Amino acid sequence: MATGFSFELKATDGKARTGVISTPRGDIRTPAFMPVGTAATVKAMLPESVRATGADILLGNTYHLMLRPTAERIDRLGGLHKFMNWERPILTDSGGFQVMSLSGLRKLTEKGVTFKSHVDGSRHEITPERSMEIQRLLGSDIVMCFDECTPFPATEEQALESMRLSMRWAQRSRDAFGDRPGHALFGIQQGSTFREQREESAEALKSIGFDGYAVGGLAVGEGQEMMFDVLDYAPDMLPVEKPRYLMGVGKPDDIVGAVKRGIDMMDCVLPSRSGRTGQVFTRRGVLNIKNARHQDDPRPLDEECSCPACRNYSRAYLHHTFRAKEIIQSMLLTWHNLHYYQDLMQGMRDAIAAGTFAQWEADFHAKRAEGDI
Ligand SMILES: CN(C)CCSCc1cc(N)cc2c(=O)[nH]c(N)nc12
């Protein structure tokens, strides 16, 4: 690991692991869920509220911040931590995924990607070298290699060509990142759903050498079954002593299945984004607060949850504020969903440490089957 970074495995239970990533800005308890703060804010949340949910690290996005307010402006203002008032660790994605999913008029070459900003239509270029520069200007603690997230589905040839491009970009990312004590660089495995390609990608990344390794190219429409099929072998190809990050995942049962298969870190917009649409995650499954059945219900969202929404408000109130389009609705449902996700992670960390993960997983699924939420 880079100087100032270390990953200590505390316990394992089957393939599931729990540990701590120590960084100069604080420790990250694993398995960890990272709330997404795309445009330098976790939407509808103050940073201290994000911390209160139990988050040790949050995620930023190179693509969004390079367009607005620009990485140079954030650097001039003291870096992303100061800018957004979050002094704990920040991981930033490298921009390739967002460019391909958000921008227009894209042109991908060996050098990198040119594209038209979705904000104001201006033209931009992002390369491995530029991505490393942007993430350095932002001051992020964990930097992601510039990669191409192979679209799904892909033929074996398409996936192979895409993965090999990402491996060449991984080398260029490593060379451009240089030696930055206190900052980590993570490689991203590609290879779609093809085992031999996942192996080739893992070998290429290990020969370059990274502080952590992400499983990329999943949660791109392949579905949970196929994602788990890949996760049944792909994490094992990565160095056992380094953190493993599954990008863009996921629903609660995706997260449990990924931790069961050896994943240490995940991120997803689902708890925050869906909270704003009324979708609520509970220990008994998912409900949508806008449904009329909640309008007279005095109960909290989740009897076992200690978040401000569950401690102080009824479903009836949350239904009302949703219908009335009151701002507090986004605040309370986002807070609850992020708090639920962090409780899920804490439950798994405790179960792995106690050697009771199988029982914890059985209880997790049994409660959701009971319904009556
Ligand atoms: C807010 N988050 C969705 C952004 C961070 S995770 C984005 C993201 C999601 C998925 N599913 C795959 C990939 C991938 O293969 N490569 C990169 N760089 N990012 C990815």
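Below is a summary of the structure that appears in this document. Just so you know, these numbers come straight off a predicted model, no measurement behind them. (Residues numbered from 1 in each chain as written. Predicted model: local features only at pLDDT ≥ 70, side-chain atom pairs only at ≥ 80, totals over all residues. Heavy atoms only, no water.)

1. Looking at the site of the ligand
Right, on to step 1. Close contacts around the ligand come from 20 residues, with Asp93, Asp147, Gly217, Leu218 and Asp267 the closest.
Right, on to step 2. In this structure, a nitrogen atom belonging to the ligand sits 2.8 Å away from a side-chain N or O atom of Asp147.
Right, on to step 3. A distance of 2.6 Å separates a nitrogen atom of the ligand from a polar backbone atom of Leu218.
Right, on to step 4. For the ligand, whose accessible area on its own is 470 Å², the fraction buried by protein is 95%.
Right, on to step 5. At a threshold of 2 Å from the grid points, most atoms of the ligand map onto the largest pocket.
Right, on to step 6. Breaking the shell around the ligand down by element, the ones donating at least two residues are strand 5 (58-61) and helix 5 (96-102).
Right, on to step 7. When the residues that make up the shell around the ligand are grouped by side-chain class, the tally is 10 nonpolar, seven polar and three charged. (Near = heavy atom within 4 Å. Polar contact = N/O pair within 3.5 Å; in protein donor to acceptor, adjacent residues only side chain to side chain. Areas by Shrake-Rupley, 256 points an atom, 1.4 Å probe, with all protein chains shown as cover. 1 Å grid on protein atoms, 1.4 Å probe; cavity = no way out; pocket = protein on both sides within 12 Å on 5 of 7 lines; lining within 4 Å. Sits in = over half its atoms within 2 Å of the grid points. Helix = DSSP H or I, 4+ residues; strand = E, 2+ residues; numbered from the N terminus. Nonpolar A, V, L, I, M, F, W, Y, C, P; charged D, E, K, R; others polar.)

2. Notes on the side chain of Gln342
Right, on to step 1. Relative to the elements of secondary structure, Gln342 occurs in helix 14 (residues 327-354).
Right, on to step 2. When its relative accessible area of 4% is taken as the criterion, Gln342 is described as buried.
Right, on to step 3. Discounting chain neighbours no more than four positions away, the residues touching Gln342 are Phe33, Pro35, Thr53, Gly54 and Ala55. (Buried < 20%, exposed > 50% of the residue type's maximum accessible area, 1.4 Å probe, protein only. Contact = heavy atoms within 4.5 Å.)

3. Points about the pairing of strand 2 (residues 16-23)
Right, on to step 1. Most of strand 2 is tucked away, with seven of its eight residues classed as buried.
Right, on to step 2. Pairing analysis gives seven bridges linking strand 1 (residues 6-13) to strand 2, with the strands arranged antiparallel. Note on strand 2: the bridge partner recorded for Asp13 is Ala16. (Pairing = 2+ DSSP bridges.)

4. Quick word on the packing of helix 13 (residues 315-323) against helix 14
Right, on to step 1. Between helix 13 and helix 14, the shortest axis-to-axis distance is 7 Å and the interhelical angle comes to 130°. When the axes of helix 13 and helix 14 are compared, the pair comes out oblique. By crossing handedness, the relation of helix 13 to helix 14 is classed as left-handed. Taking contact as the criterion, the partners of Tyr317, Leu318, Thr321 and Phe322 in helix 13 are, on helix 14, Ile328, Gln329, Leu332 and Leu333.
Right, on to step 2. Taken together, the residues of the contact of helix 13 with helix 14 break down into six nonpolar, two polar and no charged. (Axes fitted to C-alpha atoms, helices over the stretch in contact; angles between N-to-C directions. Parallel < 35°, antiparallel > 145°, perpendicular 65-115°, else oblique. Left-handed = near helix turned anticlockwise from the far one by under 90°.)

Functional significance is not addressed by these values, which are geometric in nature.
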